[in-house]
Each structure stands twice: as structure tokens, then as C-alpha cells.
Amino acid sequence: VTSPFASPQETLMGKYGEDTKLIYELQDQGGELLALRYDLTVPFARYLAMNKITNIKRYHIAKVYRRDNPATTRGRYREFYQCDFDIAGQFDPMIPDAECLKIVHEILSDLQLGDFLIKVNDRRILNGVFAVCGVPESKFIPACSTVDKLDKVPWEEVRSEMVGEKGLSPEAADRIGEYVQLHGGLELIERLLQDAQLSQNKLAKEGLGDMKLLFEYLTLFGITGKISFDLSLARGLDYYTGVIFEAVLLHQENEHVEEPVSVGSVAGGGRYDGLVGMFDPKGRKVPCVGVSIGIERIFSILEQRLEASGEKLRTTETQVLVATPQKHLLPARLKLISELWDAGIKAEMLYRKDPKLLKQLQYCEDTGIPLAAIVGEQELADGVVKLRDVATREEVRM
């Protein structure tokens with residue numbers, strides 16, 4: 001068994017496509033080649049295979065590592081948390097997939113991050129598009145990772161990379177361009193199902209049929225308003241086999257802009273039916289679909305928003321600060337705070353022998369602690385505690 005964050009290198013290699021270069025490789029003292037986990041999906045698939053689990057629904061919040069160029073202002077780091085949710089098991093098409101999207105929708109709505117859009121596509125539809133546009137199968141995955149850049153760079157740049165670096169013919173690239181710039185909803189799915197070329201392709205037809213089903217379920221969940229079937233969505237990872245999705249936050253630059261601008265991806269996922277089989281000695285497959293939410297990305301947006309609004313963020317859950325107004329009363333504070341802790345009350349005190357009362361009350365204001373429990377010589381003599389509401393300055397003796 002390897003440590004939770006380091007895996008044998010071959011476990012991770014060949015699962016991430018072009019992103020393999022972002023894996024942190026390491027060698028331990030015994031010369032074993034290890035790598036830090038790039039995501040939580042591949043280790044999860046390996047866990048299912050090792051333990052012969054064929055049916056599980058789980059969430060996992062943990063750190064992952066990427067040898068990327070960090071952009072900390074945008075919440076991009078080399079070490080960061082992901083929050084994953086996965087459903088593994090043999091089920092009828094698109095029911096668990098729809099639930100994953102419902103969960104993303106629910107989380108992004110509850111966090112009140114502003115306007116967002118969940119883009120949805122299917123690897124089978126993309127591969128079908130490549131096939132009917134005359135791309136050889138060996139170039140599907142490279143073509144995929146190039147199309148994936150469409151949200152960041154204009155079509156012209158994507159086209160020149162396809163032709164210049166990936167070796168696609170200009171004709172094929174132009175035909176791909178006609179498809180990958182489309183986005184919409186059920187009506188677009190219907191239109192593509194009627195498309196003379198695409199409907200001849202078995203993969204594309206299958207993918208579009210499932211996509212139609214997915215949109216029917218999402219309509220029943222009442223969330224299609226935030227969901228877009230987007231043919232440019234490719235997700236750069238090799239292991240996706242079916243539906244893929246990505247959630248982006250939108251922000252209106254100004255009122256005159258028709259198309260809202262994307263702030264960047266905060267969640268992504270999809271179906272990876274072949275991954276567990278890669279780790280199983282007998283190649284037994286377990287269908288899986290999952291989603292991953294980038295916590296730091298969301299935190300950086302929340303922090304920027306708080307800063308802009310001038311609101312104070314409360315970073316502790318402390319309910320009461322135990323305070324003393326005179327000197328030599330540290331024992332009284334220690335006794336009282338111990339009683340509060342034992343009673344399950346979240347309490348704090350300043351780590352000073354004789355702090356000034358003003359300083360203690362100021363600390364409450366700075367950190368947002370609502371109550372101060374004050375014990376002075378008089379209170380000790382009377383066997384009471386003075387409870388002070390920090391905001392209103394009202395006091396009661398108890």
C-alpha cells in the first residue's frame with residue numbers, strides 16, 4: 001500500500017493525456033518511482049479495482065498536486081483541495097449523470113457565487129464529429145485537447161494548432177470548426193440527430209441519444225436554465241468515455257455585453273467507464289461518473305467579493321471570550337473556560353496573564369466573538385459571571 005498522496009508512477013501515467021507533464025514525479029530512497037496524485041479520480045478507480053467494489057456512491061475532499069504555473073490570484077496553485085463526488089455501478093443511462101449535474105447546480109447556487117453555466121458535452125459526440133470530418137482515430141485525443149482550448153483562445157488559434165502541431169488537414173479542421181462552435185439545448189440535440197453526416201456515425205448517434213435523455217432528466221430536475229450543450233467542451237483528460245461537463249462562473253463586464261464573460265472553471269467531471277478496468281488484473285470494468293469541485297478557486301472568488309463589499313469575514317466559531325478586568329485573575333479565567341469547554345461551549349481567552357479589559361473587548365470586536373464572560377474580584381465575591389453583549393454593550397449578571 002502506498003501513501004495516500006503518492007502512487008506508483010505507472011498508476012498515473014497514460015491517464016491524463018497532455019496533462020501528464022503536470023504530474024509531480026518523485027523517487028523514494030529505495031529507488032521506487034512514485035508520483036503525487038494529480039486528482040482523486042484515478043486513485044478512486046484503483047481503489048475500486050483493488051477491493052473488487054462494483055457499486056458505491058461517495059464523496060472525497062483532499063489535496064492534489066500539479067506541476068503547473070500557479071496563478072494564485074485566480075485560485076490556481078500547485079497544491080490544492082478538490083472535492084469529488086462519484087457514483088460507480090451498473091445503472092440505466094444518464095440517471096446518475098443527471099444527479100451529478102444536479103449536485104453541481106445545487107452547490108453553486110447555495111454558495112451564491114453569482115451567475116454560472118454548466119457546459120455539457122459527450123466524448124462520443126466529439127469523436128463522432130472528428131470521424132465524420134475525416135480525422136484518423138489515432139488523432140482523436142490530440143484533437144480533443146486542442147478543441148478544449150476554445151474557451152481560452154479564438155477558433156483561428158485552435159485551427160492553426162490543429163493543422164500546424166497536430167497534423168490535421170486544413171479541410172478537416174474547417175469542418176470541425178462548423179461543429180465545435182455550436183451550443184444550445186434540446187433543439188440543438190434534435191437538429192444534430194437529423195444531421196445527415198453525424199446521424200450516420202454510430203458513436204455520435206449513441207452520444208446524442210443519451211444527451212437527449214440527459215436533458216429530459218435535467219428538465220425534470222428543473223435546472224436546464226443553467227445548462228448548455230456545448231460542442232467545444234472537450235476536457236483534456238484521456239479517461240473520459242461519455243458525458244463530460246464543466247461549470248464556469250460568468251461575470252457581466254458591463255451591461256452592454258450580450259455574452260457574459262467566463263471567470264473560469266470551478267467544477268468539472270464526466271463519465272469514465274474504462275478507468276477501473278485499467279487497474280483490474282482481469283480487466284473487469286465498473287462504470288463510473290463523477291464531478292470534482294475546485295475549492296480554492298471558489299474561495300478566491302468569495303474573498304475578492306468580501307474585499308470589494310468591505311464586509312468582515314468571521315473566521316472563528318467562538319461563542320464567548322472569557323475576560324478579566326483586574327490583574328492576578330488568570331486562575332479564575334482558567335477555571336471558567338474549563339467549565340465552558342466541558343459544557344461544549346466554544347470559548348477562548350487571551351494567552352496573557354494580565355491583559356487589559358479594553359484589549360480583550362477589542363479582540364472580541366476584531367474577530368466577531370459575540371459575548372464576553374467577565375469575572376472580576378466583585379463577581380468572584382458574589383459568585384456570579386457578568387455576561388456582556390459585545391455589539392450592544394448590554395450586561396447581565398448570572
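Predicted model only: the values in this text are computed from it and were never measured. (Residues numbered from 1 in each chain as written. Predicted model: local features only at pLDDT ≥ 70, side-chain atom pairs only at ≥ 80, totals over all residues. Heavy atoms only, no water.)

Chemist: Break down the environment of Ala-49 for me, with residues and values.
Modeler: Counting through the fold element by element, Ala-49 comes out in helix α2 (residues 41-50). The exposure class of Ala-49 is buried, given its relative accessible area of 6%. Separated by 327 residues in the primary sequence, Ala-49 and Gly-376 have C-alpha atoms spaced 64 Å apart. Non-local contacts of Ala-49, meaning those with residues more than four positions away in its chain, are made with Val-276, Phe-279 and Asp-280. (Helix = DSSP H or I, 4+ residues; strand = E, 2+ residues; numbered from the N terminus. Buried < 20%, exposed > 50% of the residue type's maximum accessible area, 1.4 Å probe, protein only. Contact = heavy atoms within 4.5 Å.)

Chemist: Describe in detail the UniProt feature "binding site: L-histidine" (unreviewed entry) in the chain, supporting the description with residues and values.
Modeler: Using the residue numbers shown here, the UniProt feature "binding site: L-histidine" (unreviewed entry) corresponds to Asp-39, Leu-40, Thr-41, Arg-66, Gln-82, Asp-86, Arg-235, Tyr-239 and Tyr-240. Leaving out residues up to four positions away in the same chain, Asp-39 has contacts with Tyr-16, Val-64, Arg-66, Gln-82 and Tyr-239. Among the polar contacts made by the side chain of Asp-39, one reaches the main-chain amide nitrogen of Val-42 at a distance of 3.3 Å. Within the element layout of this structure, Arg-66 appears in the loop between β4 (56-65) and β5 (79-88). Side-chain polar atoms of Arg-66 contact the backbone oxygen of Tyr-38, separated by 3.0 Å. (UniProt positions renumbered as here; feature names shortened; annotations may be inferred. Polar contact = N/O pair within 3.5 Å; in protein donor to acceptor, adjacent residues only side chain to side chain.)

Chemist: Tell me about the packing of aromatic side chains, and please be specific about residues and values.
Modeler: Applying the stated rule across the entire model yields three aromatic pairs. Centre to centre, the rings of Phe-130 and Phe-140 are 5.9 Å apart; their planes meet at 45 degrees, and the pair counts as tilted. In this pair, Phe-130 sits in helix α4 (residues 123-132) while Phe-140 sits in helix α5 (residues 140-147), placing the two residues ten residues apart along the sequence. Taken together, the ring pairs connect Tyr-239, Tyr-240 and Tyr-272 into an aromatic cluster. Of note, Arg-58 hangs over the ring of Phe-44, and the distance from its end group to the ring centre comes to 4.0 Å. The ring of Tyr-38 carries Arg-66 above its face, with NZ or CZ at 3.7 Å from the centroid. (Phe/Tyr/Trp six-rings, centres within 6.5 Å; stacked < 30°, edge-to-face > 60°. Lys NZ or Arg CZ within 6 Å of the ring centre and 35° of its normal.)

Chemist: Please provide a residue-by-residue account of the pattern of salt bridges, values included.
Modeler: Under the definition given, this model contains 23 salt bridges. Residues Arg-124 and Asp-210 are paired through a salt bridge, measuring 3.0 Å at the closest nitrogen-oxygen approach. One end of the pair, Arg-124, is in helix α4; the other, Asp-210, is in helix α9 (residues 202-221), and 86 residues separate them in sequence. One salt bridge in this structure joins Asp-151 and Lys-152, with 3.6 Å as the shortest N-O distance. Bridged by salt links that share partners, the residues Glu-379, Asp-382, Lys-386, Arg-388, Glu-395 and Arg-397 form one connected network. (Salt bridge = Lys/Arg side-chain N within 4 Å of Asp/Glu carboxyl O.)

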